[in-house]
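Residues per chain are reported as follows:
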Amino acid sequence: MLNEVHRIDLPRIVLVGRGVIGSLGDVFQELGLQRPLVVTGRKTYEIAGRRIRDILKEYGYEPGVAFCSKADLDTVERIRKQAEAKNADSIVGVGGGRTIDVAKLSAEKSGAFFVSVPTNAAHDGIASSLASVKGHGRPYSLKAVAPIAVLADSGIVAESPYRFTASGCGDVVSKAVSVRDWRLAHEENGDYYGEYAGSLALMSSNLVMRNARLIGERTEEGYRTLLEALVSCGVAMSIAGSSRPCSGSGHLFSHTLDVIAPGAALHGEQCGVGAIMMAKLHGIDWGALRESLSVIGAPTTAAELGIGPETVVEALVKARAIRPDRYTILNKAVLTYESARNLARECGVI
Ligand SMILES: [Zn+2]
């Protein structure tokens, strides 16, 4: 066991706060990066991408710009080629989850460093080494590089639609469940469990729940708390070497909805609602979880997710099979249509 090498890649520089993108040139100099390629969406280019390019130019860099509209493998391949043609040593992902994921994977494939500049706080991919992209029909998660730097500008994030922020909270709060699922998998299925990574993910969830009001009132402190929690979740995954601390039964519910009701709601919104019900299965305080989501303004019911009650029931029943290798509470408390319906009713989801 002592000879087993557990490699952990973490960001070297993390800046969270209002106006931090103004420090990008300094960060580049400090890291010794030289040939950046900025990956962004067309709309995001106007909001932040152009500013990023101008900041880098002021520091004497000649950044290329690559546009990304879809998170699929073809886009990753196109940007990889662009990065290699430019001999880019760094890829700066500026945008929401989709752009960040494409930039991260392009960096992995071209051997460049990845710099993460999220423009919203919708999910925990902003500091993680994992990316989810579409390929062969359904979304799946791939190992990419951890960012060498993360610049999470709360001023920019505060300008994004609040729904994204609430979704990010749902993703973080759901860690209260995923960490318990992980522990359960350790106890009942012999899975590896890393207490440090688990504690970090759980702490992020507690932090967002404790600060629900500050987030719901859209305060600077609330945004910072959420961004720091999202970064911590990414770090927890890097320490664990997998998405395990951050993706449990609440996520299985969300992934199942993505298949049976595609496009209904955002990832974190679905994870939050799933986590309420999974928390009840775990016997933990699901009411507190629901209450904080409601204070934040994140969905807590099927109607708020834009789906019918029977879709919730179907997703609950099918969730266990969507990723059979991932042992969770759903393996222990196997749900039938009837028990799933009761669970959703008891939690006020349907
Ligand atoms: Zn997630």
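Scope of this entry: the structure provided in the associated data block. Predicted model, so just to flag it, every value in this text is computed and none were measured.

Some details on the pairing of strand 3 (residues 64-67)
And step 1. Alternating residues of strand 3 divide into Gly 64 and Ala 66, all buried, and Val 65 and Phe 67, none buried.
And step 2. As defined by bridge partners, strand 2 (residues 36-40) adjoins strand 3 across 4 bridges and the pair is classed as parallel. Bridge pairing in strand 3 places Leu 37 opposite Gly 64.
And step 3. Handedness of the crossover joining strand 2 and strand 3 through helix 2 (residues 42-58): right-handed.

Remarks on the coordination of the zinc ion
And step 1. Distances from the zinc ion to its protein donors, Asp 171 (OD), Asp 171 (OD), His 251 (NE2) and His 267 (NE2), fall within 2.1 to 2.8 Å.
And step 2. Viewed at the metal, the 4 donor atoms of the zinc ion are separated by angles of 50 to 137°, and the geometry they form is irregular.
And step 3. Mapped onto the polypeptide sequence, the residues donating to the zinc ion form the spacing pattern D-x79-H-x15-H. Pair noted here: Asp 171 is in helix 6 (residues 162-173) and His 267 is in helix 12 (residues 267-282), with a separation of 96 residues, a long-range link.
And step 4. On the accessibility criterion, Asp 171 (0% relative accessible area) is buried.
And step 5. On the basis of relative accessible area, His 267 is assigned to the partly exposed category, the value being 24%.

A word on the pairing of strand 5 (residues 113-118)
And step 1. Of all 6 residues that make up strand 5, 5 are buried, and the element is covered over most of its length.
And step 2. In the sheet, strand 4 (residues 90-95) pairs with strand 5 via 6 bridges, with the strands oriented parallel. Bridge assignment links Gly 95 to a residue of strand 5, and that residue is Pro 118.
And step 3. Running through helix 4 (residues 97-110), the crossover from strand 4 to the neighbouring parallel element strand 5 is right-handed.
And step 4. Across 2 bridges, the pairing between strand 5 and strand 8 (residues 149-153) is parallel.

Here we look at the packing of helix 7 (residues 175-189) against helix 12
And step 1. Closest axis-to-axis distance for the helix 7/helix 12 pair is 9 Å, and the angle between their directions is 40°. The orientation of helix 7 relative to helix 12 falls into the category oblique. Here helix 7 and helix 12 pass one another in a crossing that is left-handed. On helix 12, the residues touching Val 177, Arg 180, Asp 181 and Leu 184 of helix 7 are Ala 275, Met 278, Ala 279 and His 282.

Some details on the pattern of salt bridges
And step 1. Applying the stated rule across the entire model yields 17 salt bridges.
And step 2. Arg 80 is the partner of Glu 84 in a salt bridge, and the nearest nitrogen-oxygen pair spans 2.6 Å. Of this pair, Glu 84 and Arg 80 both sit in helix 3 (residues 73-85), 4 residues apart, which is roughly one turn of the helix.
And step 3. Given the relative accessible area of 39%, Glu 84 is considered partly exposed.

Notes on the nonpolar core
And step 1. Membership of the largest hydrophobic core comes to 72 residues, with the highest contact counts inside it found for Val 208, Phe 253, Met 277, Ile 296, Val 312 and Leu 316.
And step 2. For this core, the element with the highest residue contribution is helix 10 (residues 220-240), accounting for 12 residues.
And step 3. Membership of the second largest hydrophobic core comes to 22 residues, among which are Val 27, Ala 48, Ile 52 and Leu 151.

Brief notes about the environment of Cys 347
And step 1. Take Cys 347: it is sitting in the segment after helix 17 (337-346).
And step 2. Residue class for Cys 347 comes out buried when judged on its relative accessible area of 0%.
And step 3. In sequence terms Cys 347 and Thr 301 are 46 residues apart; their C-alpha atoms lie 8.8 Å from each other.

Here's the deal with helix 4
And step 1. Compared with an ideal rise of 1.5 Å per residue, which puts 14 residues at 20 Å, helix 4 spans 20 Å between its outermost C-alpha atoms and is within 8% of the ideal.
And step 2. Taking burial as the measure, the 14 residues of helix 4 include 11 buried ones, the bulk of the element.

Observations concerning the packing of aromatic side chains
And step 1. All chains considered together, the criterion is met by 4 aromatic pairs.
And step 2. Judged by centre distance (5.4 Å) and plane angle (65°), the rings of Phe 28 and Tyr 61 are edge-to-face. Pair noted here: Phe 28 is in helix 1 (residues 24-31) and Tyr 61 is in the loop between helix 2 and strand 3, with a separation of 33 residues, a long-range link. Neither Phe 28 nor Tyr 61 differs from the other in exposure class; each is buried.

A look at unusual backbone geometry
And step 1. Positive phi values are uncommon outside glycine, yet Asn 87 reaches one of about 55°.
And step 2. Among the secondary structure elements, Asn 87 is positioned in the loop between helix 3 and strand 4.
And step 3. With a phi close to 60°, Arg 218 is a non-glycine residue in the positive phi region.
And step 4. Structurally, the position occupied by Arg 218 is in the loop between helix 9 (212-216) and helix 10.

So, how was this worked out
- Residue numbers restart at each chain and count upward from 1, following the sequence in its written direction.
- Restriction of local features to residues with pLDDT of at least 70 applies here, the model being predicted, together with a cutoff of 80 or more for giving and counting side-chain atom pairs; totals for whole chains, interfaces and linings are based on all residues.
- Based on all heavy atoms of the structure, the side-chain values leave hydrogens and waters out of the count.
- Summary of the burial criterion: residues with accessible area below 20% of their type's maximum are buried, those above 50% are exposed, and those between are partly exposed, where the area comes from a 1.4 Å probe applied to protein chains only.
- Only DSSP runs of H or I covering at least 4 residues are called helices, and only runs of E covering at least 2 are called strands; the numbering of each starts at the N terminus.
- Only strands that DSSP links by at least two bridges are regarded as paired with each other.
- The crossover handedness rule: strands pointing away from the viewer, path from first strand over the helix to second strand clockwise, crossover right-handed.
- The rule for donors is simple: N, O or S, within 2.8 Å of the metal, or within 3.2 Å if the metal is Na, K or Ca. Water isn't counted, so a site may look like it is missing partners.
- Only two sets of limits are used to name each site, 85 to 135 degrees for every angle of a tetrahedral four-donor site, and over 155 degrees for opposite donors with all other angles from 65 to 115 for a square planar four-donor or octahedral six-donor site, with any other site named irregular.
- Here, axes are lines fitted to C-alpha atoms. For helices the fit covers the stretch in contact, and angles between N-to-C directions go from 0 to 180 degrees.
- Under this scheme an angle from 65 to 115 degrees is roughly perpendicular, one under 35 degrees roughly parallel, and one over 145 degrees roughly antiparallel; angles in between are oblique.
- Whether a crossing is left-handed or right-handed is set by the direction in which the near helix is turned from the far one by less than a right angle, anticlockwise for left-handed and clockwise for right-handed.
- Residues are treated as being in contact if the distance between any of their heavy atoms lies within 4.5 Å.
- Between Lys or Arg on one side and Asp or Glu on the other, a salt bridge is scored when a side-chain nitrogen of the former is within 4 Å of a carboxyl oxygen of the latter.
- Here, nonpolar core means buried Ala, Val, Leu, Ile, Met, Phe, Trp, Tyr and Cys residues that are tied together by side-chain atoms lying within 4.5 Å of each other.
- The length a helix should cover is 1.5 Å for every residue beyond the first.
- Under the pairing criterion, centres of Phe, Tyr and Trp rings, with the six-membered ring standing for Trp, must be within 6.5 Å; the plane angle then separates stacked pairs below 30 degrees from edge-to-face pairs above 60, leaving the rest tilted.

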